[in-house]
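Tertiary structure, described
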Amino acid sequence: YWVQDDQVLVTSPDCMTGRQTGTYKISVNTESQNYANSMTKVGDAGVQWGDAATADFYSVYPADKASVLSEGNFKLTMPEVQRMIVEAPKSGNVLKCYPDMDACFMTAKTTGVANGSDVLLHYMPLSTAVRFTLTASSQVANSITVTQIKLKAYDASGTAMPITGDFTIDLTGNSPVVTKGVNTSNEVVLYSYFENGAYLTLTSGQSVELNAFLIPLD
């Protein structure tokens, strides 16, 4: 679902020179809405039509983790440190956890839009999500506090595989093409906090499902 004031980066190489890229703010009416009521430009100028009869549009979310490299190509930064909010259970032993959505990349592409027409952008997930359940042992006497969890990625031969850091994405083809950047890491560090800011604490038998977002490489 969209969250009020989520921001996306939109670009079109076919639009007016100097007005080909803009950041837009999402508006929604409810907390469980998978479409935007409106997209409003952030700042003085957004994307503006030029003289071309049609234009192609490309977009990524979140805007603050992305920059435009060229036509339909973006640089994205997958955060190595991701923070999750845990909601204490009203009953039972299963805790609810909200992942770090700043690491949940999405992309949109619309081609051949007639000059002056509405631009409809349909966002699709890009990030790979790893979800796992952490359960406190029944042998825990009182409680256990989890300060951080670190996941590391290796291939079958033991070579470190990049999962966070900088990468580029090409949206001009039939499907996104992702390329590893220069500054990458084979690990992601997860911090989990309760809504009051305290670290995740589990009592005997309690469990929580946690989530890590990764670069979508092989």
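**Quick word on the pattern of salt bridges**
Summed over the entire model, instances satisfying the criterion amount to five salt bridges. For Asp 64, the salt bridge goes to Lys 65, with nearest N and O atoms at 3.6 Å. A residue is classified by how much of its surface remains accessible, and Asp 64, at 59% relative accessible area, is exposed. Glu 187 is paired through a salt bridge with Lys 150; the nearest N and O atoms lie 3.8 Å apart. Of this pair, Glu 187 sits in strand E16 (residues 187–194) while Lys 150 sits in strand E13 (residues 149–152), placing them 37 residues apart in sequence. The exposure class of Glu 187 is buried, given its relative accessible area of 14%. A relative accessible area of 43% means that Lys 150 is categorised as partly exposed.

**Observations regarding the pairing of strand E1 (residues 7–11)**
With four of five residues buried, E1 is to be regarded as a mostly interior element. Here five bridges tie E1 to strand E2 (residues 21–27), and the two strands are oriented antiparallel to one another. When the sheet's bridge partners are listed, Leu 9 is paired in E2 with Thr 23. With three bridges joining them, E1 and strand E4 (residues 54–61) adopt antiparallel strand pairing. Note on E4: the bridge partner recorded for Thr 11 is Tyr 58.

**What about unusual backbone geometry?**
For the peptide bond that leads from Tyr 61 to Pro 62, omega is 0°, which places it in the cis range. Along the chain, Pro 62 falls in the loop between E4 and strand E5 (66–70). With phi around 75°, Asp 5 is a residue other than glycine that occupies positive phi space. Counting through the fold element by element, Asp 5 comes out in the segment before E1. Taking relative accessible area as the criterion, Asp 5 reaches 39% and is therefore assigned partly exposed.

Parameters at a glance
Residues numbered from 1 in each chain as written. Predicted model: local features only at pLDDT ≥ 70, side-chain atom pairs only at ≥ 80, totals over all residues. Heavy atoms only, no water. Salt bridge = Lys/Arg side-chain N within 4 Å of Asp/Glu carboxyl O. Buried < 20%, exposed > 50% of the residue type's maximum accessible area, 1.4 Å probe, protein only. Helix = DSSP H or I, 4+ residues; strand = E, 2+ residues; numbered from the N terminus. Pairing = 2+ DSSP bridges.

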